[in-house]
Amino acid sequence: MAANAADVTSRARSSEVLLKVEDVELRFGGVRALRGVSFEVRRGEIFSIIGPNGAGKSSMLNCINGFYHPTSGTITYKGQPRKAMRPYVTASQGVARTFQNIALFKGMSTLDNIMTGRHLKTKATLLENAFWFGRAKREEMEHRKFCEEIIDFLNLQHVRKTAVGTLPYGLQKRVELGRALAAEPELLLLDEPMAGMNLEEKQDMARFILDVNDEFGMTICLIEHDMGVVMDLSDSIVVLDHGEMIGQGTPEEVSNDPKVIEAYLGVQEEGEA
Ligand SMILES: Nc1ncnc2c1ncn2[C@@H]1O[C@H](COP(=O)(O)OP(=O)(O)OP(=O)(O)O)[C@@H](O)[C@H]1O
Ligand SMILES: [Mg+2]
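Residues numbered from 1 in each chain as written. Chains lettered and ligands numbered in written order. Predicted model: local features only at pLDDT ≥ 70, side-chain atom pairs only at ≥ 80, totals over all residues.

1. Section: the pairing of strand β1 (residues 17-28)
Part 1 of the argument: Bridging between β1 and strand β2 (residues 31-42) involves 8 bridges; their strand directions are antiparallel. Looking at β2, one finds that Lys-20 is bridged to Glu-40.
Part 2 of the argument: Connecting β1 to the antiparallel partner β2 that follows it, the hairpin turn spans 2 residues, and Gly-29 within it adopts a positive phi of roughly 60°.
Part 3 of the argument: In terms of strand pairing, β1 meets strand β4 (residues 72-77) through 5 bridges, oriented antiparallel. In the strand pairing of β4, Glu-25 is matched with Ser-72. (Pairing = 2+ DSSP bridges. Helix = DSSP H or I, 4+ residues; strand = E, 2+ residues; numbered from the N terminus.)

Given below as structure tokens:
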């Protein structure tokens, strides 16, 4: 995988704000999923959103990638404020994500699933694609080569032709990461990439997340319940509870914040090992 040299910034050393969330509120009828949420994600960092079940973490990610539109407040990405934006527009601006519940084409192979992540990179016309000549053929071969590199990077060679529905859960999560990487995002949103994994699978995933961040300088915004993982990986953390921000800072600051300890860290999370 080739990283754009201009985009590569040493981890946590960048002061450039890639994403700014200001006073965001999100309502679903009477439910206030988010209120008064403000934070900044700097280019090149691993930023984590934590909080108990129903705190609004996935809703926040959904606002960032344009799936939900904040009821009020502003999200600024690469210096451009926006309120309403469709997910495909956000994706074309360099935002890719994985989902809390795996969203892959179960009957398709690992390689083909990862290829779907290249969709927005395709320039050939429908007609060129239909007859698979010229540009379409060249593009397809380039995309395939790129996806094969992702497969090597994520150690998925042995299952490249296997239907993903038959793969163990941990590998499916890894394929989903591969599909997101195929879009060559600048901002990668990961919604509980380790949920339901055993210890070994978690360690593998943590290593891949760090490698993606280190090798490609990719900015990562992560939701995760496993505190060990969050504290190890994150440069900065924001803590949500009932839609409100109750803390933010470095892993050390957050883990010593009495409010955070009371609301979250001291409580054994449902489903946590
Ligand atoms: N599409 C929706 N319609 C109505 N309510 C919603 C919708 N999406 C989320 N909510 C509500 O918003 C609140 C926050 O949900 P969200 O899924 O963002 O929490 P979460 O922090 O990701 O929780 P979990 O750790 O369980 O994944 C919850 O009360 C949830 O029921
Ligand atoms: Mg969630």
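2. Considerations on the site of ligand 1
Part 1 of the argument: Around ligand 1 sit Phe-28, Val-31, Ala-33, Gly-51, Asn-53, Gly-54, Ala-55, Gly-56, Lys-57, Ser-58, Ser-59 and Gln-100, and those are all the residues in its vicinity.
Part 2 of the argument: For the shell around ligand 1, the secondary-structure elements that each account for two or more residues are β2 and α1 (57-64).
Part 3 of the argument: Partitioning the shell around ligand 1 into residue classes produces 4 nonpolar, 7 polar and 1 charged. (Near = placed C-beta within 6 Å. Nonpolar A, V, L, I, M, F, W, Y, C, P; charged D, E, K, R; others polar.)

3. What about α1?
Part 1 of the argument: Taken across its 8 residues, α1 has 7 buried, putting it largely inside the fold.
Part 2 of the argument: For α1, the full list of buried residues reads Lys-57, Ser-59, Met-60, Leu-61, Asn-62, Cys-63 and Ile-64.
Part 3 of the argument: Of the residues flanking the end of α1, it is Gly-66, one or two places downstream, whose phi is positive at about 85°. (Buried ≥ 20, exposed ≤ 12 C-beta atoms within 10 Å, placed from the backbone.)

4. A closer look at the pairing of β4
Part 1 of the argument: In the sheet, β4 pairs with strand β5 (residues 80-82) via 3 bridges, with the strands oriented antiparallel. Bridging from a neighbouring strand, Thr-76 pairs with Pro-81 of β5.
Part 2 of the argument: Joining the antiparallel neighbours β4 and β5 is a turn of 2 residues, in which Lys-78 adopts a positive phi near 50°.

5. Observations concerning helix α7 (residues 199-216)
Part 1 of the argument: Across its 18 residues, α7 extends 26 Å between first and last C-alpha, which sits within 8% of the 26 Å expected from 1.5 Å per residue.
Part 2 of the argument: Residues of α7 that are buried include every one of Lys-202, Met-205, Ile-209, Val-212, Asn-213 and Phe-216, and no others. Looking straight down α7, one finds that the buried residues subtend no more than 115° of arc, so they occupy a single side. Set apart from the buried face of α7 by more than 90 degrees, the exposed residues are Leu-199, Glu-200, Arg-207 and Glu-215.
Part 3 of the argument: Looking at the buried side of α7, the elements it contacts are β3 (46-50), α6 (169-182), β7 (187-191), β8 (219-223) and α8 (227-233). (Expected span 1.5 Å × (residues − 1). Arc of directions from axis to C-beta. Contact = placed C-beta atoms within 7 Å.)

6. A few points about the sheet that holds β5
Part 1 of the argument: The antiparallel open sheet is built from 4 strands, whose spatial order is β2-β1-β4-β5. Unpaired on one side and paired on the other, β2 and β5 mark the two borders of the sheet. Across the sheet, the mean angle separating the axes of adjacent strands is 20° when strand polarity is ignored. (Axes fitted to C-alpha atoms, helices over the stretch in contact; angles between N-to-C directions.)

7. Focus: the sheet that holds β7
Part 1 of the argument: Strand order in the open sheet formed by 6 strands is β6-β7-β8-β3-β9-β10, with mixed pairing between adjacent strands. The open sheet has two free edges, formed respectively by β6 (95-98) and β10 (244-249), since each of these has just one partner strand. Each strand of the sheet is rotated relative to its neighbour by a mean of 15°, with strand direction disregarded.
Part 2 of the argument: Pairing of β3 with β8, which is carried by 4 bridges, proceeds in the parallel orientation. The residue of β8 that forms the bridge with Ile-46 is Ile-220.

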